[in-house]
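Each chain, letter by letter, is given below.
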Amino acid sequence: MKNSTRLTALAGTAALLAAPLTLAAIAPAHADVDRNGTCGAGRYELSVDRERRAGQAGFEVDAGLEGVAPYSRWTFVVRHDGKRVLKVTRTADDEGDVDVDTWRRNTAGKDKLAFRATQVGGTTTCGSSVTVR
């Protein structure tokens, strides 16, 4: 095999290997953040995912409970940078799962997203927060 043919093959191979590495380098390092913990007899999950909607950078915020008492009622409060952006009461399904979701626009600097779930007529309260840049 001629040297020029080897160099051409080597260059082509290098280009094929470099493309995925370039894409990995431009992907956000912390696109998704999850927090998990206990909530009475069940568990909670807070998930914050970077997302674009209508050209706006922001965050999909999902908060949920699983393994709580079936048909129990829960009030969820979601806050963005300390400001309440959602307050809703939901009923757990027959498997004890309940969740809420909302989208928040990215603000300048760090964004703190938090949720709190409180059982209606009970004493169980749980929640968590995430700070993203």
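J.: I tried to follow the state of the cysteines on my own but got confused; where do I start?
T.: When the sulfur atoms of two cysteines share a covalent bond, that bond is a disulfide. In total, this model carries one disulfide according to the counting rule given. Sulfur-sulfur distance for the disulfide between Cys39 and Cys126 comes to 2.1 Å. Because the torsion about its S-S bond is -75 degrees, the bridge between Cys39 and Cys126 counts as left-handed. Of this pair, Cys39 sits in strand S1 (residues 32-39) while Cys126 sits in strand S8 (residues 125-132); the two residues are 87 residues apart in sequence, bridging distant segments of the chain. Overall, Cys39 belongs to the buried group, its relative accessible area being 1%.

J.: Quick question: what am I supposed to make of the side chain of His80 here?
T.: In this structure, His80 sits in strand S4 (residues 73-80). For His80, a relative accessible area of 5% puts it in the buried group. Side-chain polar atoms of His80 contact the side chain of Arg104, separated by 3.3 Å. Setting aside chain neighbours within four positions, we find His80 in contact with Val85, Arg104, Arg105, Thr107, Asp111, Lys112 and Leu113.

J.: What should I look at first to understand the pairing of S8 in this one?
T.: Taken residue by residue, a regular strand's side chains alternate between the two faces of the sheet. Alternating residues of S8 divide into Cys126, Ser128, Val130 and Val132, all buried, and Thr125, Gly127, Ser129 and Thr131, none buried. As defined by bridge partners, strand S7 (residues 111-119) adjoins S8 across eight bridges and the pair is classed as antiparallel. Across the sheet, the residue bridging to Ala117 is Cys126, located in S8. Linking S7 back to S8 in an antiparallel pair, the connection comprises five residues, with Gly121 at a positive phi of about 75 degrees.

J.: How do you make sense of the sheet that holds S4 when you look at a structure like this?
T.: Hydrogen bonds along the backbone pair up the strands of a sheet, which may run parallel or antiparallel. The strand order across the open sheet built from four strands is S5-S4-S7-S8, with neighbouring strands paired in antiparallel fashion. The open sheet is flanked by strand S5 (83-91) and S8, the only strands paired with a single partner. On average, adjacent strands in this sheet sit at an angle of 15 degrees to one another, irrespective of strand direction. Direction of pairing for S4 relative to S5: antiparallel, over a ladder of eight bridges. Bridge pairing in S5 links Val77 to Lys87.

What counts and what doesn't
- Residues numbered from 1 in each chain as written.
- Predicted model: local features only at pLDDT ≥ 70, side-chain atom pairs only at ≥ 80, totals over all residues.
- Heavy atoms only, no water.
- Disulfide = S-S within 2.5 Å.
- Helix = DSSP H or I, 4+ residues; strand = E, 2+ residues; numbered from the N terminus.
- Buried < 20%, exposed > 50% of the residue type's maximum accessible area, 1.4 Å probe, protein only.
- Polar contact = N/O pair within 3.5 Å; in protein donor to acceptor, adjacent residues only side chain to side chain.
- Contact = heavy atoms within 4.5 Å.
- Pairing = 2+ DSSP bridges.
- Axes fitted to C-alpha atoms, helices over the stretch in contact; angles between N-to-C directions.

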